[in-house]
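Working through the structure, step by step
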Amino acid sequence: MSNRDKKTSKPQKSKLPLVISLFLVGAILVSYFIFPEVQSFMNEAWNVLTSDDEKRIESWVSGFGWMGPVVLVLAMIAQMFLLIIPSVLLMVVAILAYGPIWGSVIVFASVFAASSVGYVIGDYFGDSIVKKIIGEKSEKRVEDFLDDYGFWAVIVTRLNPFLSNDAISFVGGLLQMGYWKFIGATLVGIAPLTLFIAYFGGSTEGLKTGLLWGSLVSLVAFGAYVWWDKKLRNKK
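Residues numbered from 1 in each chain as written. Predicted model: local features only at pLDDT ≥ 70, side-chain atom pairs only at ≥ 80, totals over all residues. Heavy atoms only, no water.

Here is the rule we go by: UniProt positions are given in the numbering used here, feature names are shortened, and annotations may be inferred rather than shown by experiment.
Going by what an unreviewed UniProt entry lists, the protein chain is known as TVP38/TMEM64 family membrane protein and is assigned to Maribacter cobaltidurans. Taken verbatim from the UniProt record of the protein chain, the Subcellular location (unreviewed entry) comment is "Cell membrane". The heading Sequence similarities (unreviewed entry) in the UniProt record of the protein chain holds the text "Belongs to the TVP38/TMEM64 family."

Next comes the structure, spelled out in structure tokens:
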């Protein structure tokens, strides 16, 4: 049975993750309109995080002290719905602000949280909501990719910052890919990119050049694999 077939035969599961997610989203929305301090903070967060200025974001996050990591985790979740904030920028900021070791830990925690939220949304809310978030064409493209290559599709998508990291989370839940299999592939795929940023994070130019070449190499390598795989399938 393919992942696509599994969408039509969902087993009964706990509603607790859905209830918690709705409660948190509702609490944030109510707080925004009731408390001026929350509204001011969220407006400032929007201005800073969409500035695309690494130093400004780093300074802002560092100002929260021990709460900084929590802010980064929440920002990583929020960027799934705000496509103008690249996830790789938040990864770089985490490592610049907290160093290669603790910064990497924060990156893993952020990606884990954001991926889990995306998975739950795809799993519980289904096709119509996912299409509204990422678009019908993106959903179809990622769905076919994930249905064909499963575990490896998640790894390659996480490995390359230019691919749709957020879409793979929504579609992973939509296609009922096993949660722990999905999260395992996510963490395996994000590890090389995180280590790369941690190593080159001190040099912005070196980091940008390395990310560009690393992404191109991984894309070419996987493109070659897909071409070879389709060639073998056609022969069979």
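1. Some details on the overall build of the protein chain
Convention followed: Runs of E in the DSSP output that reach at least two residues are strands. Runs of H or I that reach at least four are helices, and both are numbered from the N terminus. Relative accessibility decides the category of a residue: with a 1.4 Å probe and only protein chains considered, values under 20% of the type maximum give buried, values over 50% give exposed, and everything between is partly exposed. Contacts are assigned to residue pairs that have any heavy atoms within 4.5 Å of one another. Accessibility throughout is a Shrake-Rupley quantity obtained with a 1.4 Å probe, and a residue counts as covered only by protein chains that appear here.
On a plain count of helices and strands, the protein chain comes out with 10 helices and zero strands. Each helix and strand of the protein chain, placed in order from N terminus to C terminus, yields the pattern α-α-α-α-α-α-α-α-α-α. Here the protein chain holds 236 residues, and 40% of them are scored as buried. Counting only contacts in the protein chain whose residues sit at least 6 apart along the sequence, the fraction spanning at least 24 positions is 72%. As displayed, the protein chain offers around 13200 Å² of accessible surface, 68% of which is attributable to carbon and sulfur atoms.

2. Focus: the environment of Gly126
As for its placement among the helices and strands, Gly126 is situated in helix α6 (residues 87–134). Along the sequence, Gly126 and Leu174 sit 48 residues apart, while their C-alpha atoms lie 5.7 Å from each other.

3. Focus on the packing of aromatic side chains
Test applied: Planes of paired rings set the category: under 30 degrees apart is stacked, over 60 is edge-to-face and the rest tilted, where pairs are Phe, Tyr or Trp rings (Trp by its six-membered ring) whose centres lie within 6.5 Å.
Summed over the entire model, instances satisfying the criterion amount to four aromatic pairs. Between Trp60 and Phe64 the ring centres are 5.0 Å apart and the planes differ by 90 degrees, which places this aromatic pair in the edge-to-face class. Taking relative accessible area as the criterion, Trp60 reaches 11% and is therefore assigned buried. Taken together, Tyr119, Tyr179, Trp180 and Phe182 form an aromatic cluster joined through their ring pairs.

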